[in-house]
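Chain and residue survey
Here is how the chains run, residue by residue.
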Amino acid sequence: RGARPAGGGPAPQSAVLGRGPPVPRRTMARRRGGSLGAVASLARGDTVLGCIRNGHDSEGIALRALRGRGLVLRAITQFGAIFEAPGLINFTAAGYTLLEDGPRSNAIAQLLSASGLDGRVSPDIKTEIWRKLIYNCVINPITSIAGFEVGGMPHPALAPRQQLVTCAVRAAAL
């Protein structure tokens, strides 16, 4: 929840729906429990939900769960992290969080930045989502074949593959 605005009255609500265990789309759309269900049950008209999930239509699923109560902003994050075990995440590289351009995006980006998460507003979030997908489609198979976690990409043995990734991402952007 945000701080109380000057002049009193209820504080605006914000929530960020992050990554959780992968859930099949049909299951997620029908699920009433979990983090999305908990957030949706608390939503008000001034709620802003930042949907930070990879995948097609994750923001649509969140929007339908809110049932018109609040605003859903699509977001992506570019931090390097490896899920080691429940409650244990190995942070490997600093990055940034991109928010869809919307009525409260700048204020949320500022809050993220003040928290050390380098929040930015993207005027074209769909292009950024595709860019991340292309990158993931190139980098994930390489790290898997080479036997490295994503955090292992700086390993000197992968330098030629890093050049391949850069070329592939540039070519896909054309």
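Bear in mind the structure is a predicted one, so any value in this text is a computation, not a measurement. (Residues numbered from 1 in each chain as written. Predicted model: local features only at pLDDT ≥ 70, side-chain atom pairs only at ≥ 80, totals over all residues. Heavy atoms only, no water.)

Things to note about the overall build of the protein chain
Stated formally: In this description a helix means any DSSP run of H or I spanning at least four residues, a strand means any run of E spanning at least two, and both kinds are numbered starting from the N terminus. Throughout, exposure labels follow a simple rule: accessible area from a 1.4 Å probe, protein chains only, divided by the maximum for the residue type, with under 20% read as buried, over 50% as exposed, and the rest as partly exposed. To measure how exposed things are, a 1.4 Å probe is used in the Shrake-Rupley method; for residues, cover is taken only from the protein chains shown.
Per the secondary structure count, the protein chain includes 6 helices and 7 strands. Of all 174 residues assigned to the protein chain, the portion counted as buried reaches 29%. Of the roughly 11000 Å² of accessible surface on the protein chain, 59% is carried by carbon and sulfur atoms.

Regarding helix 5 (residues 125-146)
Put simply, the test is: How far a helix is expected to stretch is found by multiplying one less than its residue total by 1.5 Å.
Along its 22 residues, helix 5 runs 31 Å from first to last C-alpha, staying within 8% of the 32 Å computed at 1.5 Å per residue. Ile125, Glu128, Lys132, Val138, Ile139, Ile142 and Thr143 are the residues of helix 5 that are buried. The positive-phi residue at the C-terminal boundary of helix 5 is Gly147, with phi of around 80°.

Re the pairing of strand 3 (residues 71-77)
This is how it is decided: Each pair of strands is called paired provided DSSP finds at least two bridges between the two strands.
For strand 3, a buried count of 6 out of 7 residues is recorded, marking the element as mostly surrounded by other parts of the structure. Of the strand pairs in this sheet, strand 2 (residues 48-51) and strand 3 are connected by 4 bridges, and their pairing is parallel. Counterpart to Leu49 in the pairing with strand 3 is Val72. In terms of strand pairing, strand 3 meets strand 6 (residues 97-100) through 3 bridges, oriented antiparallel. Bridged to Ile76 within strand 6 is Leu98.

Description of unusual backbone geometry
Even without being glycine, Arg67 reaches a positive phi, approximately 55°. Mapped onto the elements of the fold, Arg67 is located in the loop between helix 3 (58-66) and strand 3. The backbone of Asp118 sits at a positive phi, close to 40°, despite the residue not being glycine. Locating Asp118 in the fold gives a position in the loop between helix 4 (105-114) and strand 7 (119-122).

Some thoughts on the environment of Asp118
Here is the rule: Contact criterion: two residues are considered in contact whenever any of their non-hydrogen atoms come within 4.5 Å of each other. Counted as a polar contact is a pair of N or O atoms within 3.5 Å, where, for protein atoms, one must be capable of donating a hydrogen and the other of accepting one, and residues adjacent in sequence contribute only when both atoms are in side chains.
Taking the relative accessible area as the measure of exposure, Asp118 reaches 28% and is therefore partly exposed. It is 10.0 Å that separates the C-alpha atoms of Asp118 and Gln78, two residues lying 40 residues apart in sequence. In this structure, Asp118 is in contact with Gly95, Tyr96, Thr97, Leu112 and Ser113, ignoring residues within four places of it in sequence. Reaching out from Asp118, the side chain makes a polar contact with the side chain of Arg120 at a distance of 2.8 Å.

A few points about the pairing of strand 4 (residues 80-85)
A regular strand carries its side chains on alternate faces of the sheet. The sheet contact formed by strand 4 and strand 5 (residues 88-93) spans 5 bridges and is antiparallel. Residue pairing across strands places Ala81 opposite Phe91, the latter belonging to strand 5. In this antiparallel pair of consecutive strands, strand 4 and strand 5, the connection spans 2 residues, and Gly87 shows a positive phi of 85°.

Examining the packing of aromatic side chains
In plain terms, the rule: In this scheme Phe, Tyr and Trp rings, the latter by its six-membered ring, pair at centre separations within 6.5 Å, and the angle between planes marks the pair as stacked below 30 degrees, edge-to-face above 60, and tilted otherwise. We call a charge positioned above a ring when the Lys NZ or Arg CZ atom is no farther than 6 Å from the ring centre and deviates by at most 35 degrees from the ring normal.
In the structure shown here, the tally under the stated rule is 1 aromatic pair. With centroids separated by 6.0 Å and ring planes inclined at 45°, the aromatic side chains of Phe79 and Phe91 adopt a geometry described as tilted. Residue Phe79 is found in the loop between strand 3 and strand 4, and its partner Phe91 is found in strand 5; the two are separated by 12 residues along the sequence. It is Arg120 that lies over the ring of Tyr96; its NZ or CZ is 4.2 Å from the centre.

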